[in-house]
Amino acid sequence: MGDKKALVPEEVIVRKILFVRGEKVLLDRDLAELYGVETRVLKQAVRRNRKRFPKDFMFELTKQEFEDWRSQFVISNSDKMGLRYRPMAFTEQGVARLSSVLNSDRAIEVNIAIMRAFVQLRKMIASNKDLAQKLKELEKRHEKHDEDIGLIFEAIRELMTPPDAPPKKIGFEA
């Protein structure tokens, strides 16, 4: 499968992944587009197999989430017609579960591509966490050095400050 060109490029999938309720999800309309089926067909298949999709696999956006999501885009009236109903949001497990409901060759290939995109996204997030941790460690080291440098400057300033009383002279006066 290394020679075979991806049916759907990973970048396309990653751009469609949203964060809703702290979860990475794909919306039903985006999944339907990727799978090459109508949104209503995908939703119908899910409703017929509702037991396969617990709330942590798939949920419908609340009215407020739906409005917030819609307000992020300038949607034409023709596009709004397809958005009369709140979309279903599928987590990674829900997308994996879809492969048992949509059983075409394209659905299987696209599903594999989506799983790879989720894995890639997880790696990117983990990499960013590692980078953030290293930055924190550097900041801590820098703070320690700042303290040391501050003490050095303080000592230099003390050496540069003239004494309050003139020093006593040593030796003979003639």
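Quick summary incoming for the structure in this document. (Residues numbered from 1 in each chain as written. Predicted model: local features only at pLDDT ≥ 70, side-chain atom pairs only at ≥ 80, totals over all residues. Heavy atoms only, no water.)

What follows is about the nonpolar core. Core analysis: the largest hydrophobic core is formed by 27 residues, its most contacted members being Leu-31, Tyr-35, Leu-42, Phe-90, Val-95, Leu-98 and Ile-114. Contributions of two or more residues to this core are made by α2 (28–35), α3 (39–48), β4 (88–90), α6 (92–98) and α7 (105–160). Among the elements that line this core, the one with the most residues is α7, at eight residues. Discounting residues that sit within four places of it in the chain, Leu-31 has contacts with Leu-26, Leu-42, Phe-90, Val-95, Leu-98 and Ile-114. Counting eight residues, the second-largest nonpolar core is a separate cluster that includes Leu-27, Phe-59, Phe-66 and Ala-89. (Core = buried A, V, L, I, M, F, W, Y, C linked by side-chain atoms within 4.5 Å. Buried < 20%, exposed > 50% of the residue type's maximum accessible area, 1.4 Å probe, protein only. Helix = DSSP H or I, 4+ residues; strand = E, 2+ residues; numbered from the N terminus. Contact = heavy atoms within 4.5 Å.)

A few words now on the pattern of salt bridges. What the rule picks out here adds up to six salt bridges. Note that Glu-65 and Arg-21 form a salt bridge whose closest N and O atoms lie 2.8 Å from each other. Pair noted here: Glu-65 is in helix α4 (residues 63–71) and Arg-21 is in the loop between β1 (18–20) and β2 (23–27), with a separation of 44 residues, a long-range link. Several salt bridges converge on common partners, so that one network encompasses Lys-16, Asp-30 and Glu-33. (Salt bridge = Lys/Arg side-chain N within 4 Å of Asp/Glu carboxyl O.)

Across the sheet, four strands lie side by side as β1-β2-β4-β3; this open sheet has antiparallel pairing. Where the open sheet ends on each side, the last strands, each with one partner, are β1 and β3 (58–60). Taken over all neighbouring pairs, the strand axes of this sheet differ in orientation by 45 degrees on average, direction set aside. In this structure, β3 lies alongside β4, joined through three bridges in antiparallel fashion. (Pairing = 2+ DSSP bridges. Axes fitted to C-alpha atoms, helices over the stretch in contact; angles between N-to-C directions.)

By themselves, these figures tell us nothing about what the structure is for.
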